[in-house]
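Structural overview for review
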Amino acid sequence: MNKETVMCRGQRFRLYLSEEQIQQRIQELGAQITNDYEGKKPILIGVLNGAFMFLADLIRAIDLDSEIDFIKLSSYGDAKVSSGRVHELKSIDAQIEGRHVIVVEDIVDTGLSMEFMMQRMNEYKPASVEVAVLLHKYEATQVDLDLKYVAFPVPNLFVIGYGLDYGQLARNLSQIYVLDE
Ligand code: 5GP
């Protein structure tokens, strides 16, 4: 299944980050979070749909009592560029007042979704909020964000796989692929 190139919706994508690279980096982040949250019980809030795979691997790399919940935002639709409009499609169920929250996101692009997330989380009055993000498109980010745990800073590319979709497909790939233009 770990191919060098994949086709998705008639377009070719080439390997960008291998399963080994992803998994190794997640182990490092998990160890860092385990260390930073020693004695605490963090709650990881995954941003659906894209973060489900990253959250699943990240939480297994964290050696602490920890909880999960999910929120669902919308902004992209089926397009390859950010629309810049964010709204909440599913809210969290957990009580996070006074809790140590780690927002888990697949990718920060313009940063507008994450800015919206941080505002929402702060309304719940958690004890702390940090962000764990798999990919940060640092050149595209338009807002000031404090991203504590970034697995991979990436240039302005369109990527799929490992939870990230192209028109809802490609989420099942274990590796990350970039549009081969
Ligand atoms: P932002 O609000 O930061 O512009 O966008 C965040 C969301 O856009 C991500 O959660 C993700 O769903 C989507 N997104 C941004 N860049 C990419 C990309 O390169 N590939 C895919 N598949 N989704 C992306």
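Scroll up to find the structure.
Residues numbered from 1 in each chain as written. Predicted model: local features only at pLDDT ≥ 70, side-chain atom pairs only at ≥ 80, totals over all residues. Heavy atoms only, no water.

1. Let's talk about the pattern of salt bridges
Under the definition given, this model contains 10 salt bridges. The closest approach of N and O atoms between D36 and K148, which form a salt bridge, is 3.9 Å. With D36 in helix α1 (residues 19-36) and K148 in the loop between β7 (128-137) and β8 (149-154), this residue pair connects regions lying 112 residues apart in the sequence. Its relative accessible area of 30% is what places D36 among the partly exposed residues. Ionic pairing is found between R120 and E123, a salt bridge with its closest N-O pair at 2.5 Å. Residue R120 and its partner E123 are located together in helix α3 (residues 112-123), separated by three residues, close to a single helical turn. Overlapping salt bridges, with partners in common, bring together E88, R120 and E123 in one network. (Salt bridge = Lys/Arg side-chain N within 4 Å of Asp/Glu carboxyl O. Helix = DSSP H or I, 4+ residues; strand = E, 2+ residues; numbered from the N terminus. Buried < 20%, exposed > 50% of the residue type's maximum accessible area, 1.4 Å probe, protein only.)

2. Describing the environment of L135
Relative to the helices and strands, L135 resides in strand β7. For the pair formed by L135 and M117, sequence separation is 18 residues and the distance between their alpha carbons is 16 Å.

3. A look at the site of the ligand
Close to the ligand lie 17 residues, the nearest being D109, T110, S113, V159 and D165. The side chain of K137 places a nitrogen or oxygen atom 2.8 Å from an oxygen atom of the ligand. Between the ligand and V159 there is a distance of 2.7 Å, counted from a nitrogen atom to a backbone nitrogen or oxygen. Isolated, the ligand exposes 510 Å² of accessible area, and the fraction of that covered by the protein chains is 92%. (Near = heavy atom within 4 Å. Polar contact = N/O pair within 3.5 Å; in protein donor to acceptor, adjacent residues only side chain to side chain. Areas by Shrake-Rupley, 256 points an atom, 1.4 Å probe, with all protein chains shown as cover.)

4. Concerning α1
The periodicity of an α-helix, 3.6 residues per turn, causes residues three or four positions apart to be oriented the same way. In a regular helix each residue adds 1.5 Å, so 18 residues correspond to 26 Å; α1 covers 26 Å between its end C-alpha atoms and thus fits that length. Of the residues making up α1, those classed as buried are I22, I26, L29, G30, I33 and T34. Down the axis of α1, the smallest arc covering the buried residues is 140°, so these residues share one side. With respect to the buried face of α1, the exposed residues turned more than 90 degrees away are E20 and N35. (Expected span 1.5 Å × (residues − 1). Arc of directions from axis to C-beta.)

5. A short note on the sheet that holds β7
The six strands lie next to each other as β5-β4-β3-β6-β7-β8, forming an open sheet whose pairing is mixed. Of all the strands in the sheet, just β5 (87-90) and β8 have a single pairing partner and so form its edges. Taking the axes of each pair of neighbouring strands and ignoring which way they run, one obtains an average angle of 30° across the sheet. Where strand β3 (residues 43-48) lies against strand β6 (residues 100-108), four bridges are found, and the strand directions are parallel. Counterpart to I43 in the pairing with β6 is V101. Contacting β3, β4 (67-74), β6 and β7, helix α2 (residues 52-60) runs over the sheet at an angle of about 160° to β3. Set on the sheet, α3 makes contact with β3, β4, β5, β6 and β7; between it and β6 the angle comes to about 165°. (Pairing = 2+ DSSP bridges. Axes fitted to C-alpha atoms, helices over the stretch in contact; angles between N-to-C directions. Contact = heavy atoms within 4.5 Å.)

6. Re α3
Here α3 contains 12 residues, and its C-alpha end-to-end distance of 17 Å stays within 8% of the 16 Å for a straight helix at 1.5 Å per residue. Considered for burial, the residues of α3 that qualify are M114, M117, M118, R120 and M121. Buried residues along α3 cover an arc of 165° about the axis, so they all sit on one side. Check the buried side of α3 and you find it contacts β3, β4, β5, β6 and β7. Downstream of α3 by a residue or two, K125 has a phi angle that is positive, lying close to 55°.

Any link to function would need more than the numbers given here.
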